[in-house]
Structures are given as C-alpha cells and as structure tokens.
Amino acid sequence: MRRAAFAALLALAATPLAADEMIRSPSGNIVCIATETDGVAGVRCDLDAISKQSLKRPKDCDLDFGQAYFVETTSKRGVAMCYGDTALGPEGRVIAYGETWRWKGLSCASSPAGMRCANARGAGFEISRQRQRLF
C-alpha cells in the first residue's frame, strides 16, 4: 500500500505544469512571459535595450533595475522589478503592432511606441526603449 501511494505521488510530481505564455514585440526588444501562481495570473515584460531610464532605482535594489516590469490580475499598480534574471530569449509569439494579446484577465498592446500591459483594474505599465511608465 505504501509503495502504491509513493508511486502515485511520483507520477503526480512528474506531471508537467502548463507552459507559460510568451510574447514579443516585432522588434524583439520587448519579451513578455505570462505565468500563473496559486490562481493569480501575472505578466512580466523585459526590455533588451533602453536609451533612457525613466524610473529611479530603489536604494534597496542591489540587482539589475529598469528593464523588467510586472503586473498581476490583482495588482493596484504595475511594478518596476529589481531582478537578477531575465525573460529575454528567442521564444515567444510576435505580437504585431496594433495587436492586443489577452490572457486570463491581462492584456498587452503592441505598438511602434512600445508595449502597454494592464489588468482589468487598469493597473500596469507602458514600456519602450525611450520611456517606462507605471500606472
């Protein structure tokens, strides 16, 4: 009996989780990854290159800052992340300029001016090479 329960537990642990959604801007400068944890969906977008940093680095941030942004379905405001990793990579479906991607209560609109991601409450961020804004 214990052996059967252990085998069932191993089978459950080996079941792959649903793949994260990944999108990118046509230029490839912005890559976003959508994830869901404990029923709360979120989207993180990273900028590969910026020409101007619009937001001030927090004093308690010892890692990278200014090129990663995040919003969840429950957020009241988008977040500029203090981070040590990246969402950048060659994966992700290209979201053409003028197209809006929607996923689990989140949306990201792609335009030549950048990417604007928000939740249904209206919280989110707008990012581009030249400007980064939280709302």
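Residues numbered from 1 in each chain as written. Predicted model: local features only at pLDDT ≥ 70, side-chain atom pairs only at ≥ 80, totals over all residues. Heavy atoms only, no water.

Novice: What's the story with the sheet that holds strand β10 (residues 124-127) in this structure? I'm lost.
Specialist: Within a sheet, each strand pairs with its neighbour through backbone hydrogen bonds, oriented either parallel or antiparallel. Across the sheet, five strands lie side by side as β7-β8-β9-β10-β11; this open sheet has antiparallel pairing. This sheet does not close on itself; its edge strands, each paired only once, are β7 (100-103) and β11 (132-134). Taken pair by pair, the neighbouring strands of this sheet meet at an average axis angle of 10 degrees, ignoring direction. Pairing analysis gives four bridges linking strand β9 (residues 114-119) to β10, with the strands arranged antiparallel. Across the sheet, Ala118 pairs through a bridge with Gly124, a residue of β10. (Pairing = 2+ DSSP bridges. Helix = DSSP H or I, 4+ residues; strand = E, 2+ residues; numbered from the N terminus. Axes fitted to C-alpha atoms, helices over the stretch in contact; angles between N-to-C directions.)

Novice: What is the right way to look at unusual backbone geometry in this model?
Specialist: Most peptide bonds adopt trans geometry, and most residues besides glycine take a negative phi value. Here Asp38, not a glycine, exhibits a phi torsion of approximately 50 degrees, which is positive. One can find Asp38 in the loop between β2 (30-37) and β3 (40-47). One non-glycine residue with positive phi stands out, namely Lys104, at about 50 degrees.

Novice: I'm lost on the state of the cysteines in this one. Help?
Specialist: By definition, a disulfide links the sulfur atoms of two cysteines through a covalent bond. Applying the stated criterion to the full structure yields three disulfides. Put simply, Cys32 and Cys45 are joined by a disulfide, and their sulfur atoms are 2.0 Å apart. Taking the torsion about the sulfur-sulfur bond, which here is approximately 105 degrees, the covalent link between Cys32 and Cys45 counts as right-handed. Of this pair, Cys32 sits in strand β2 while Cys45 sits in strand β3; the two residues are 13 residues apart in sequence, bridging distant segments of the chain. Under the relative-accessibility criterion, Cys32 is labelled buried at 1%. Across the disulfide, Cys108 is cross-linked to Cys117 (sulfur-sulfur distance 2.1 Å). (Disulfide = S-S within 2.5 Å. Buried < 20%, exposed > 50% of the residue type's maximum accessible area, 1.4 Å probe, protein only.)

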